[in-house]
Amino acid sequence: SLNGTWAFRIDPNNMGETEGWFRKEYSTAGWDKMPVPGNWDLRNEYARYTGKAWYRRPFSIAADQQGKTLILHFEAVYHDCTVWLNGQKLGENHSGFLPFEFDVSALVNYGGENTLVVCADNTFKRGAIWNWGGIRRPVSLQTYSGVRLVRQHITPAVNLAAGTASVAIRLFLQNYAQTEQKAQGEVVVTDKNSVR
């Protein structure tokens, strides 16, 4: 888990990228602290802030994790964001409600400190909803050395007249091993009473 207290600074004048707030050596002296997951709107001093805000935190990964696939997983950042690891831009995301991730296996400093930086921007306004801002869902670093369930697609088909239903399930797997792997599992569909 990379949840916890992160260094935090708003960027109303859009200076962060120009001044290199994403660089590993950049000092966060004078920055505020913000809990992750959370929304900066919940703090009185940021309740009406709209714009960019920066989050930074160090983390370490054990040297014995080298050789595994490391996935940096965000469950949601509102609304637009850019992510850097050790000063290198990983990419962007433009949906404040959906998860996204990056393979950071080749970028992590194993056995030493790493610096993760996120610039979140809540400027985008969707209808009448509140402009939530920040890393609003959990963040984690996940390790894999074999087969991983990447996503699933579930399609129900209900026939109300007949009182029947069917469910089609597609699973998407990814193999991180260097050799071909066999995978098997079981999908169990239950009702609210846990009846199969």
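As shown above, the structure is provided for reference.
Residues numbered from 1 in each chain as written. Predicted model: local features only at pLDDT ≥ 70, side-chain atom pairs only at ≥ 80, totals over all residues. Heavy atoms only, no water.

This next bit is on the overall build of the protein. Of the regular secondary structure elements, the protein holds 1 helix and 11 strands. Mapped from its N terminus to its C terminus, the protein presents α and β elements in the order β-α-β-β-β-β-β-β-β-β-β-β. The C-alpha radius of gyration computed for the protein amounts to 20 Å, which surpasses the reference 16 Å derived for 196 residues by more than 25%, pointing to a less compact arrangement than a globule. Dimensions of the protein, computed from C-alpha atoms along their principal axes, come out at roughly 65 × 50 × 25 Å. In the protein, of all internal contacts separated by at least 6 residues, the share reaching a separation of at least 24 is 70%. Entry remark: accessible area of the protein is about 11,700 Å², with carbon and sulfur atoms responsible for 49%. (Helix = DSSP H or I, 4+ residues; strand = E, 2+ residues; numbered from the N terminus. Rg over C-alpha atoms; globule rule 2.2 N^0.38 Å. Contact = heavy atoms within 4.5 Å. Areas by Shrake-Rupley, 256 points an atom, 1.4 Å probe, with all protein chains shown as cover.)

A separate point is the packing of aromatic side chains. Each aromatic ring pair is specified by the distance between its two centres and by the angle formed by the two planes. Under the counting rule described, the total for this entry stands at 14 aromatic pairs. Taking the centre distance of 5.1 Å and the plane angle of 70° together, the rings of Phe 8 and Tyr 46 count as edge-to-face. On the criterion of sequence distance, the pair formed by Phe 8 in strand β1 (residues 4-11) and Tyr 46 in the loop between β2 (32-36) and β3 (52-60) is long-range, its members being 38 residues apart. By relative accessible area, Phe 8 is classed as buried at 1%. Their ring planes at 10° and their centres at 5.0 Å tell us that Phe 22 and Trp 84 sit as a pair that is stacked. Here the residue Phe 22 occupies a position in the loop between α1 (16-19) and β2, and Trp 84 occupies one in strand β5 (residues 80-85), the gap between them amounting to 62 residues. Just as Phe 22 is buried, Trp 84 falls in that class too. Geometry around Phe 172 places Arg 151 over its ring, the cationic atom sitting 4.0 Å from the centre. (Phe/Tyr/Trp six-rings, centres within 6.5 Å; stacked < 30°, edge-to-face > 60°. Buried < 20%, exposed > 50% of the residue type's maximum accessible area, 1.4 Å probe, protein only. Lys NZ or Arg CZ within 6 Å of the ring centre and 35° of its normal.)

What follows is about the environment of Pro 138. As for its position among the elements, Pro 138 is in the loop between β8 (113-121) and β9 (139-144). Separated by 135 residues in the primary sequence, Pro 138 and Asn 3 place their C-alpha atoms 6.1 Å from one another. Look past the residues within four positions of Pro 138 in its chain and what remains in contact with it is Asn 3, Pro 37, His 73, Phe 74 and Glu 75.

By secondary structure assignment, the location of His 73 is in strand β4 (residues 69-74). The class for His 73 is buried, based on a relative accessible area of 16%. Engagement of the side chain of His 73 in a polar contact is seen with the side chain of Glu 101, the distance being 2.9 Å. (Polar contact = N/O pair within 3.5 Å; in protein donor to acceptor, adjacent residues only side chain to side chain.)

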